[in-house]
Amino acid sequence: MLKDLPSRFQLLPQGVQAKLTVAFVLMSCVPIAMLLWIAAWYAFPYTRELFPTLGRFIVDAQVDPTAATWWLWAVIALTILVATLGGVYLTMKIIEPVTRMSREAKRLAEDPTSEGELGQQEDELGDLADALNSLTGRIREDMVELKGAETRTKQINLEIQKRMMILSSLLQIGELIGSAKDLDTVLDLIVDRLGGVEDHAFSFLCLQPHDGLQATPRRAYQLDVKRLTQSLAATSSVIIDAEHPPIDTDRPMWEALGRPNMLMQPVIVRQRIMGLLAVGNHEPQYVFSPEMVDLVSVFAKQAAIALENELLLRKNKALAVRDELTGLYNENFIRQRLDEEIKRAIAYQRPCAIVVFTIDGFAPYREQRGAAEADRALKKVARVIQDTVTDIDRVGRLNSQEFVVVLPERSKRQAIEVAEEIRRRVEFAFASSVDPEERLTVSGSV
């Protein structure tokens, strides 16, 4: 460590090197030099001629030993005092600016953004103070940039959360549409999710009348639905905000809603306007962003998909001829078939009969056994009826517990015989059940 002392000493500022050198000389070299000079005075007589006055004092001291002792201790004490005071003074001059800079640096460390600097140093630590002041200034600039970055990060996080909520809403809506949920449930979710995209916003959906489509014509979020009294039929996006005043056709609805900012998008299904989806707020000097316009368009397309899906389901049900659970003909087909058989029987004077069966006590059976067990019972009854009739007969399901059999070329007596045979077979099919409540029977009307 001692061998590195000279190189470390050279790294200090020149002023600090000079003060440390003087302090070292005062505190060590001067007392040693004084002692060596006194020793030389006694050892080498010719040195006494250089200071005759001091020589006489020493001669006198040789005669009086007490005076010599006093003189010797006085010189040593004075030398040590002068060296110590000088060394301490120089040391304090070195330490004082360091202490002052330490206090200022501690204050700046506690609050880097506070005003103030380390001060202009006139001594040898001035370069260090300037460097620290420059560093503090850069730290302040970095802190300002960090605060700006923190604000931007918060805004980005809020935007990410908003987009994630929108994506989650769209996925949930798509899942409901795919699962063939009730149309009103899907449309309510669309309106609620659109209104919840921004704070203090409202949304609404108005549908045009359409044959075969049963849905609530108007629904709203954070808005009184009774205020939606006018029929809306926009053919394209309508924007009403600080930069887009309303046109004459939109002004009545705009004023009825309290003159809000509104963004309206038509709901179009197969080039036909089925309704209008809108979002709005009452924020002053508000302007809708292009992203918001695209978002409302996406929600409007989701509503259009839900409406088209409902129309296709209804059309599919109208075209279907089989019951999904039992595989028998459905009510629409049976009614059409029965009309044809009645017309043919009248035209050709031929007999025709129809038998309607009802499962006895089926409602309590469903409540006690559950829907799954009730469905299995319905399938079993349908299979028994289908196996009993001929290929030209038609068996269908009217509702949850009623079945119908169309019997062409059968008289009333023959129809009664068929009905009795079906009743016996159904009773026999369930006779093996241990629980009497599981032994289902049917009653028929010809």
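Look above for the structure.
This structure is a prediction, so every number in the text was calculated from the model and none was measured.

A. A look at the sheet that holds strand β7 (residues 394-397). The 4 strands lie next to each other as β7-β8-β6-β9, forming an open sheet whose pairing is antiparallel. The open sheet has two free edges, formed respectively by β7 and β9 (442-445), since each of these has just one partner strand. Each strand axis lies, on average, 20 degrees off the axis of its neighbour in the sheet, ignoring direction. Where strand β6 (residues 352-359) lies against β9, 4 bridges are found, and the strand directions are antiparallel. Within β9, the position partnered with Ile359 by the bridge is Val442. In the packing of helix α11 (residues 371-388) onto the sheet, the strands contacted are β6, β7, β8 (402-408) and β9, and the crossing angle to β8 comes to about 10 degrees.

B. Structural view of the packing of aromatic side chains. Taken as a whole and assessed by the stated rule, the structure comprises 3 aromatic pairs. Taking 4.2 Å as the distance between ring centres and 20 degrees as the angle between the ring planes, the aromatic pair formed by Tyr329 and Phe333 counts as stacked. Both rings, one in Phe362 and one in Tyr365, keep their centres 6.3 Å apart while their planes meet at 25 degrees; by these two values the pair is stacked. Of the two residues, Phe362 and Tyr365 both sit in helix α10 (residues 362-369), 3 residues apart, roughly one turn of that helix. Under the relative-accessibility criterion, Tyr365 is labelled buried at 6%. Arg322 extends its terminal NZ or CZ atom over the ring of Tyr329, reaching a point 3.9 Å from the ring centre.

C. How the structure looks around the sheet that holds strand β1 (residues 201-207). In space, the 5 strands of this open sheet follow the order β2-β1-β5-β4-β3, with antiparallel pairing throughout. In the strand order of this sheet, the two ends are held by β2 (218-221) and β3 (238-240), each with one partner. Pairs of neighbouring strands in the sheet enclose a mean axial angle of 15 degrees, with direction left out of account. Bridging between β1 and β2 involves 4 bridges; their strand directions are antiparallel. The partner of Ser203 across the bridge, within β2, is Tyr221. Packed on one face of the sheet, helix α8 (residues 290-319) meets β1, β3, β4 (261-269) and β5 (272-281) and runs near 35 degrees to β4.

D. Region of interest: the side chain of Arg410. Mapping Arg410 onto the fold places it in the loop between β8 and α12 (412-429). With a relative accessible area of 16%, Arg410 lands in the buried category. Separated by 3.3 Å, the side chains of Arg410 and Asp393 make a polar contact. If we ignore the near neighbours within four places in the chain, the residues touching Arg410 are Pro351, Cys352, Ala353, Thr390, Asp393 and Val418.

E. Local environment of the pattern of salt bridges. Evaluated as defined, the whole model comprises 24 salt bridges. Notably, a salt bridge pairs Glu331 with Arg335, separated by 2.9 Å at the nearest N-O pair. Note that Glu331 and Arg335 are positioned in helix α9 (residues 331-348) at a spacing of 4 residues, about one turn of the helix. Arg337 is paired through a salt bridge with Glu341; the nearest N and O atoms lie 3.4 Å apart. Here Arg337 and its partner Glu341 are both found in helix α9, 4 residues apart, which amounts to about one turn of the helix. By relative accessible area, Arg337 is classed as partly exposed at 22%. Judged by relative accessible area, Glu341 falls into the buried class, the value being 7%. The structure contains a network of salt bridges with shared partners spanning Arg337, Glu340, Glu341, Arg344, Arg350 and Glu409.

F. Here's a closer look at α9. An ideal rise of 1.5 Å per residue puts 26 Å on 18 residues; α9 measures up with 25 Å between its terminal C-alpha atoms. Those residues of α9 not exposed but buried are Ile334, Leu338, Glu341 and Ala345. The arc enclosing the buried residues of α9, seen along the axis, measures out at 70 degrees, which places them on a common side. Of the exposed residues in α9, those oriented more than 90 degrees away from the buried face are Arg335, Lys343, Ile346 and Ala347. If you follow the buried residues of α9, they end up packed against β6, β7 and β8. Directly after α9, the chain includes Gln349, whose backbone phi takes a positive value near 55 degrees.

G. How the structure looks around unusual backbone geometry. Phi angles above zero are rare outside glycine, and Gln222 is one such case at about 55 degrees. Relative to the helices and strands, Gln222 is located in the loop between β2 and β3. Even without glycine at this site, Gln349 takes up a positive phi of about 55 degrees. Within the fold, Gln349 resides in the loop between α9 and β6.

H. Looking closely at the packing of α10 against α11. At their nearest, the axes of α10 and α11 sit 6 Å apart, and the two run at 135 degrees to each other. Accordingly, the angle class assigned to the pair α10 and α11 is oblique. Here Phe362, Tyr365, Arg366 and Arg369 of α10 lie close against α11, whose contacting residues are Ala371, Glu373, Ala374, Asp375, Ala377 and Leu378. Per-class residue counts for the contact of α10 with α11 are 6 nonpolar, no polar and 4 charged.

I. Fine view of the nonpolar core. Ranked by internal contacts, the top residues of the largest apolar core, which has 34 residues, are Leu187, Ile190, Val267, Leu277, Phe299 and Leu307. For this core, the elements supplying multiple residues, two or more each, are α5 (126-178), α6 (183-195), β1, β4, β5 and α8. For this core, the leading source of residues is α8, giving 10 residues. Excluding anything up to four places from it in sequence, Phe299 contacts Ile166, Ser169, Leu170, Ile173, Ile190, Arg193, Leu194 and Leu277.

J. Structural detail: the environment of Pro260. Within the secondary structure layout, Pro260 lies in the loop between α7 (251-256) and β4. When the C-alpha atoms of Pro260 and Asp241 are compared, they prove to be 7.7 Å apart, with 19 residues separating the residues in sequence. If we skip the residues at most four places from it in the chain, Pro260 touches Phe202, Ile240, Trp254, Asn281 and His282.

Calculation rules
Residues numbered from 1 in each chain as written. Predicted model: local features only at pLDDT ≥ 70, side-chain atom pairs only at ≥ 80, totals over all residues. Heavy atoms only, no water. Pairing = 2+ DSSP bridges. Helix = DSSP H or I, 4+ residues; strand = E, 2+ residues; numbered from the N terminus. Axes fitted to C-alpha atoms, helices over the stretch in contact; angles between N-to-C directions. Contact = heavy atoms within 4.5 Å. Phe/Tyr/Trp six-rings, centres within 6.5 Å; stacked < 30°, edge-to-face > 60°. Buried < 20%, exposed > 50% of the residue type's maximum accessible area, 1.4 Å probe, protein only. Lys NZ or Arg CZ within 6 Å of the ring centre and 35° of its normal. Polar contact = N/O pair within 3.5 Å; in protein donor to acceptor, adjacent residues only side chain to side chain. Salt bridge = Lys/Arg side-chain N within 4 Å of Asp/Glu carboxyl O. Expected span 1.5 Å × (residues − 1). Arc of directions from axis to C-beta. Parallel < 35°, antiparallel > 145°, perpendicular 65-115°, else oblique. Nonpolar A, V, L, I, M, F, W, Y, C, P; charged D, E, K, R; others polar. Core = buried A, V, L, I, M, F, W, Y, C linked by side-chain atoms within 4.5 Å.

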